Amino acid sequence: SISINGTSALEKPTEVHQNSPAPKNLHNFLLLKRGEANFQAAIDKHRDESLILMKQSAARGESSVPMSKMAACRLKNIGLMRAANLSVVPAGGKKKTENKLTERMIQAENAAKQLYVKEKAEKSRKNKAQQPVQSNPFLNRDNAHSTIVSDLLRRCGGKQKTESELTAIM
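Residues numbered from 1 in each chain as written. Predicted model: local features only at pLDDT ≥ 70, side-chain atom pairs only at ≥ 80, totals over all residues. Heavy atoms only, no water.

Colleague: Sorry if this is basic, but what is going on with the packing of aromatic side chains here?
Modeller: The description of an aromatic ring pair rests on the distance of the ring centres and on the angle between the ring planes. Counted under the stated rule, the structure contains 0 aromatic pairs. Lys-96 extends its terminal NZ or CZ atom over the ring of Phe-39, reaching a point 4.6 Å from the ring centre. (Phe/Tyr/Trp six-rings, centres within 6.5 Å; stacked < 30°, edge-to-face > 60°. Lys NZ or Arg CZ within 6 Å of the ring centre and 35° of its normal.)

This is the structure we're talking about:
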């Protein structure tokens, strides 16, 4: 076998450059990164499912997501978060507390609310942009005249008036 500094290359422990954030054991580093990615994926999944529940509830005319549906969503996703959280421990990672898991879940739900409001505002803005512009009757002289005449007739009770009587009404 090939020798490096008197040690067989096969026996040489994995070394990492001093500036590298990775631990000396690359396997543990990869396990940590996978666990962190799985944890973030569980949070993102909870955010996305919460957003879907909000949209479904709104489509049914409900002002909020029913507690039973939200509880089921939370239960499923907290399980995914716990599993990802525990997966980092054997690789030397720090386990998050239940309070931290709950905090991250609440953050995901708040992010879903913000997305819902943002999407609703964008949809409203697009709808307004697609609506035809209604002309102001007072910008068109003929429309303004007929509007004024209609208003005067309404005020007069539909009866004909003299010019001085119409001036007094205006």
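Colleague: What exactly am I supposed to notice about the packing of helix H2 (residues 67–87) against helix H3 (residues 98–130) here?
Modeller: A pair of packed helices can be characterised by two numbers: the angle between their axes and the separation between those axes. Their axes nearest at 11 Å, the elements H2 and H3 cross at an angle of 130°. With respect to each other, H2 and H3 are oriented oblique. As H2 runs across H3, the sense of the crossing is right-handed. Residues Met-70, Arg-74, Asn-77, Ile-78, Met-81, Arg-82 and Asn-85 of H2 lie in contact with H3, whose contacting residues are Glu-98, Leu-101, Arg-104, Met-105 and Glu-109. Classifying every residue of the contact of H2 with H3 gives 5 nonpolar, 2 polar and 5 charged. (Axes fitted to C-alpha atoms, helices over the stretch in contact; angles between N-to-C directions. Helix = DSSP H or I, 4+ residues; strand = E, 2+ residues; numbered from the N terminus. Parallel < 35°, antiparallel > 145°, perpendicular 65-115°, else oblique. Left-handed = near helix turned anticlockwise from the far one by under 90°. Contact = heavy atoms within 4.5 Å. Nonpolar A, V, L, I, M, F, W, Y, C, P; charged D, E, K, R; others polar.)

Colleague: Can you help me understand the layout of surface pockets in this one?
Modeller: To locate leftover empty space, one rolls a probe as large as a water molecule over the atoms. In this structure, the largest pocket encloses a volume near 240 Å³. Taken together, 15 residues line the largest pocket, and the ones lying closest to its centre are Met-54, Ser-63, Ser-64, Val-65 and Lys-113. Where the lining of the largest pocket is concerned, the elements lending two or more residues are helix H1 (26–59), H2 and H3. Here the lining of the largest pocket gets 4 residues from one element, more than from any other, and that element is H1. By residue class, the composition of the lining of the largest pocket is 7 nonpolar, 4 polar and 4 charged. (1 Å grid on protein atoms, 1.4 Å probe; cavity = no way out; pocket = protein on both sides within 12 Å on 5 of 7 lines; lining within 4 Å. Points joined across faces, edges and corners; volume = space filled by probe spheres on them.)

Colleague: I'm lost on H2 in this one. Help?
Modeller: In this model H2 runs 30 Å from its N-terminal to its C-terminal C-alpha over 21 residues, within 8% of the 30 Å that 1.5 Å per residue would give. Buried residues belonging to H2 abut H1 and H3. (Expected span 1.5 Å × (residues − 1).)

Colleague: Sorry if this is basic, but what is going on with the side chain of Glu-109 here?
Modeller: Mapping Glu-109 onto the fold places it in helix H3. At a separation of 2.7 Å, a polar atom in the side chain of Glu-109 contacts the side chain of Arg-74. Each residue touching Glu-109, except ones within four places of it in the same chain, is listed here: His-46, Ser-50, Met-54, Met-70 and Arg-74. (Polar contact = N/O pair within 3.5 Å; in protein donor to acceptor, adjacent residues only side chain to side chain.)

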